[in-house]
Amino acid sequence: GGLQASALPSGSTSAPCRVTLHRVSDRSDLEADWRALEVTTDAPIFLRWLWVGSWLDCYEPRVTVARVELDGATIALGLFTEQKVRRHRVLPVQRLLLHQTGRRAEDQLWIEYNGLLARPEHAAMALGEVLAAFIRAGRADEIFLSMLPGALADSVQEGQRFVRETLHAHGYSR
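Draft legend 1. Expanded view of the packing of helix 1 (residues 27-38) against helix 2 (residues 49-59). Their axes nearest at 10 Å, the elements helix 1 and helix 2 cross at an angle of 160°. Taken together, the axes of helix 1 and helix 2 lie roughly antiparallel to each other. At the point where helix 1 passes helix 2, the crossing takes the right-handed sense. Across the interface between the two elements, Arg-27, Leu-30, Glu-31, Trp-34, Arg-35 and Glu-38 from helix 1 touch Trp-49, Val-52, Gly-53, Leu-56 and Asp-57 from helix 2. Taken together, the residues of the contact of helix 1 with helix 2 sort by class into five nonpolar, one polar and five charged.

Encoded structure:
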């Protein structure tokens, strides 16, 4: 099952973007879509299929694919996992994680320069729309976006509910 949401990109008068959230049904279709989008981006190695496909092969996480389309073309893709955690030992929290499993031992091989695989001119807008779609759907209490480049993290609208760790916090500067 999937969720669809439409929204106009900030400052845009073109057709609304479409966000879909769905489980992977055919891995080969995901790979084809990912590789097709990859050639239109300046993505770091950590967002290329070589890394993402290997991560999926190694850990076999159950992922939700977030897809953003604009004028019928895919402009962004991301993979989110779900994790149930307890706060203060009693408060159950549903967490979504971008390109991570939520299991500490597996996430030691962490992604750097994280974000959606996105066309550069749409990266910030697409991430904001995906976060809004998950929140509207009530799918998460927290959305964990680890290792986002600082500029991308700063561009996400204030008021979104996510845990922020920037590259700077881990000694990176870019």
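Draft legend 2. Seen up close, the pairing of strand 3 (residues 64-70). Taking burial as the measure, the seven residues of strand 3 include seven buried ones, the bulk of the element. Burial along strand 3 is two-sided: Thr-64, Ala-66, Val-68 and Leu-70 and Val-65, Arg-67 and Glu-69, pointing in opposite directions, are all buried. Pairing analysis gives seven bridges linking strand 2 (residues 17-23) to strand 3, with the strands arranged antiparallel. Considered in strand 3, the bridge of Arg-23 is made with Thr-64.

Draft legend 3. Layout of the nonpolar core. Counting residues in hydrophobic clusters, the biggest one holds 27 residues, and the most contacted among them are Phe-80 and Leu-116. The set of elements that each furnish at least two residues to this core consists of strand 2, strand 3, strand 4 (73-87), strand 5 (91-98), helix 3 (123-136), strand 7 (142-148) and helix 4 (150-155). Per-element accounting of this core gives the leading share, seven residues, to helix 3. Apart from residues lying up to four places away in sequence, Phe-80 is in contact with Arg-62, Val-63, Thr-64, Ala-66, Leu-96, Leu-97, Leu-98, Leu-116, Val-130, Phe-134, Ile-143 and Leu-145.

Draft legend 4. Up close: the pattern of salt bridges. The full count for this structure, using the stated rule, is nine salt bridges. Across the salt bridge formed by Glu-82 and Arg-139, the nearest N and O atoms sit 3.1 Å from each other. Within this pair, whereas Glu-82 is found in strand 4, its partner Arg-139 is found in the loop between helix 3 and strand 7, the two being separated by 57 residues in sequence. A relative accessible area of 33% means that Glu-82 is categorised as partly exposed. With a closest N to O distance of 2.7 Å, Glu-142 and Arg-87 form a salt bridge. Taken together, the residues Glu-142 in strand 7 and Arg-87 in strand 4 connect sequence positions 55 residues apart. Since its relative accessible area comes to 14%, Glu-142 is described here as buried. It is possible to trace a salt-bridge network through shared partners that takes in Arg-23, Glu-82 and Arg-139.

Draft legend 5. Representation of the environment of Leu-21 within the structure. Looking at the element boundaries, Leu-21 is found in strand 2. Looking at Leu-21, the relative accessible area reads 0%, which means it is buried. In this structure, the C-alpha to C-alpha distance between Leu-21 and Val-63, residues 42 residues apart in sequence, is 10.0 Å.

What counts as what
Residues numbered from 1 in each chain as written. Predicted model: local features only at pLDDT ≥ 70, side-chain atom pairs only at ≥ 80, totals over all residues. Heavy atoms only, no water. Axes fitted to C-alpha atoms, helices over the stretch in contact; angles between N-to-C directions. Helix = DSSP H or I, 4+ residues; strand = E, 2+ residues; numbered from the N terminus. Parallel < 35°, antiparallel > 145°, perpendicular 65-115°, else oblique. Left-handed = near helix turned anticlockwise from the far one by under 90°. Contact = heavy atoms within 4.5 Å. Nonpolar A, V, L, I, M, F, W, Y, C, P; charged D, E, K, R; others polar. Buried < 20%, exposed > 50% of the residue type's maximum accessible area, 1.4 Å probe, protein only. Pairing = 2+ DSSP bridges. Core = buried A, V, L, I, M, F, W, Y, C linked by side-chain atoms within 4.5 Å. Salt bridge = Lys/Arg side-chain N within 4 Å of Asp/Glu carboxyl O.

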